[in-house]
Amino acid sequence: MVGMLVVETIAKIRRLHLGQGLPIKAICRQLGLSRKVVRKVLRSGATEFRYERAEQPQPKLGAWRDELDRLLAENAGRASRERLTLMRVFEALRGLGYAGGYDAVRRYARGWQRSKSEVSAAAFVPLSFAAGEAYQFDWSHEVVVMAGATMTVKVAHMRLCHSRMMFVRAYPRESQEMVFDAHDRAFAFFRGACTRGIYDNMKTAVEAILVGRERSYNRRFLQMCSHYLVDPVACTPASGWEKGQVENQVGLVRERFFSPRLRVASFEELNALLLDRCVAYARAHPHPELRDRTVWEMFEAERPSLVRYAGRFDGFHAVPAAVSKTCLVRFDGNKYSVSASAVGKPVEVRAYADRIELRQDGRVVGEHRRVFGRAQMVFDPWHYVPVLARKPGAWRNGAPFKDWLLPGALERVRRKLAGVGDGDRQMVDILTAVLSDGLPAVEAACAEALREGVHSADVVLNILARQREPPPTVTILTPEALRLRHEPVADCARYDSLRSSA
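Summarised in this report is the structure supplied together with it. (Residues numbered from 1 in each chain as written. Predicted model: local features only at pLDDT ≥ 70, side-chain atom pairs only at ≥ 80, totals over all residues. Heavy atoms only, no water.)

With that settled, consider the overall build of the protein. Across its full length, the protein carries 18 helices and 17 strands. In terms of overall size, the protein is more extended than a compact globule, its C-alpha atoms giving a radius of gyration of 42 Å where 502 residues would be expected to give roughly 23 Å. Along the first, second and third principal axes, the C-alpha set of the protein runs to 175 × 60 × 50 Å. Residue pairs in contact within the protein that sit at least 24 positions apart in sequence constitute 58% of those at least 6 positions apart. Working note: accessible area of the protein is about 29900 Å², and carbon and sulfur atoms make up 53% of it. In the protein, the 77 positive side-chain charges and the 57 negative ones have mean positions that sit 12 Å from each other. (Helix = DSSP H or I, 4+ residues; strand = E, 2+ residues; numbered from the N terminus. Rg over C-alpha atoms; globule rule 2.2 N^0.38 Å. Contact = heavy atoms within 4.5 Å. Areas by Shrake-Rupley, 256 points an atom, 1.4 Å probe, with all protein chains shown as cover. Lys, Arg positive; Asp, Glu negative; His and termini not counted. Charge placed at Lys NZ, Arg CZ, Asp CG, Glu CD.)

Attention shifts here to the state of the cysteines. For the coordinates displayed, the defined rule picks out 0 disulfides. With no disulfide partner, C225 has as its closest neighbouring cysteine sulfur the one in C194, 12 Å distant. (Disulfide = S-S within 2.5 Å.)

Another point: the sheet that holds strand β12 (residues 328-331). Strand order in the open sheet formed by 3 strands is β12-β13-β17, and the pairing between neighbours is mixed. In this open sheet, the two edge strands, each paired with only one partner strand, are β12 and β17 (377-378). As paired elements, β12 and strand β13 (residues 334-337) share 4 bridges and run antiparallel to each other. Looking at the pairing, F331 lines up with N334 of β13. (Pairing = 2+ DSSP bridges.)

Remark: helix α2 (residues 24-31) packs on helix α3 (residues 35-44), axes separated minimally by 9 Å, with the N-to-C direction vectors making an angle of 115 degrees. When you trace α2 past α3, the crossing you get is right-handed. Residues I24, K25, I27 and C28 of α2 form the contact with α3, whose participating residues are R35, V38, R39 and L42. Of the residues that constitute the contact of α2 with α3, the class distribution is 5 nonpolar, no polar and 3 charged. (Axes fitted to C-alpha atoms, helices over the stretch in contact; angles between N-to-C directions. Left-handed = near helix turned anticlockwise from the far one by under 90°. Nonpolar A, V, L, I, M, F, W, Y, C, P; charged D, E, K, R; others polar.)

Let's shift gears to the environment of V89. By the element assignment, V89 lies in helix α5 (residues 86-95). Given a relative accessible area of 3%, V89 falls into the buried group. The sequence separation of V89 and L461 amounts to 372 residues, and the corresponding C-alpha distance is 86 Å. Once you skip the residues sitting within four places of it in the chain, V89 turns out to touch L68, L71, L72, N75 and L84. (Buried < 20%, exposed > 50% of the residue type's maximum accessible area, 1.4 Å probe, protein only.)

All quantities given are derived from atomic positions and should not be read as evidence of function.
Take a look at the structure:
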């Protein structure tokens, strides 16, 4: 009965007897309790009684505990997406012959899980880092509204372990070239790097996990680390506490920088905003260990200990690609144009975080601002000008020339020739001259022709031809100091005297 008493009843017994002096018999009559219960409350002096069953009787489950332990352990070892619900575990046990109910299995499973969590409860050792010793790097996924559309962006996080200074930058991808760009921009902002970098086992850096802490790193990733004099260290799989600072930074940035949801026009605007917020947070918040100094002050003190910034690493991801007959190269779901001379031979695509560079036999045959998405075509109209020399009819309807705005004088000539019968052919002749004479020379020739009130291709090409003629020879005048004071006199009589003497 004592086990059923609530705290309020115990309090009433104590007040009636100890406060008001009522005898036990009167308390029993007033509260409807037995004398044994009242005496136990008063003698113990306790204000609460708890009853916990030492052992739960399980008459039907008892013989099946070993099988249930095996099923629960097997289920816990599966990946989270593949784990069975407890009802499915119960059904599997029933299939083996268990005749009991689900509640007994549920209560047992709850106790089993509690005991396992107590055994596996993790304890951690606080870490300490010297100035310039290490940084931690990680990725997170955040949601923003960019140009009116809701999208998920990949955010690179870097944190100096000593000063706790953070650097955050958003990207459309989590690919290797983005890793390179994030490191370069972070080290440029810090004005240096640390001697050690702590990473998880991201696929853009680690190719294979070997015994212990041994890792087989990606060749290009090792080149980047060598450039910045960084020794990479990979965490133990599923041990995020080894880079706990940057793990905590992910949550902090999500709460403070991305809530409420950001609305920006472009990645440039988003990254400028994130950098400003990193600096503002560092200036306003104290260091977690040295509370009398801000994170920014600790960062300024750590800067002299950093490895000197080595300059930009040529961080590209290279893949081979074929060139189509339309001078296009496919990469990452989009197409980019190359020079017409590159058709028929493979090229190397060098993908940077913000641009695409296309090379063939060591020379650049195309360079574009990188686009993301799918099925987009990026043209450089100058790549197709050599084709126009053979196919001038493509000038009017060619896709690369749609909405092509030419430089000043060239654009004015194009508009004037648009109303002429053979204007397309004349414009193609002028554009073709750019390949041999260069854009500045053709632009100057067009400007000169327009000043004279003409705009035909013959006039522009004639001006270019005159510019290519060698200038007249300059007559050099003899300086006065080099003139002879006594000029020699031509006298052939001396030769006659020699002949006569012979």
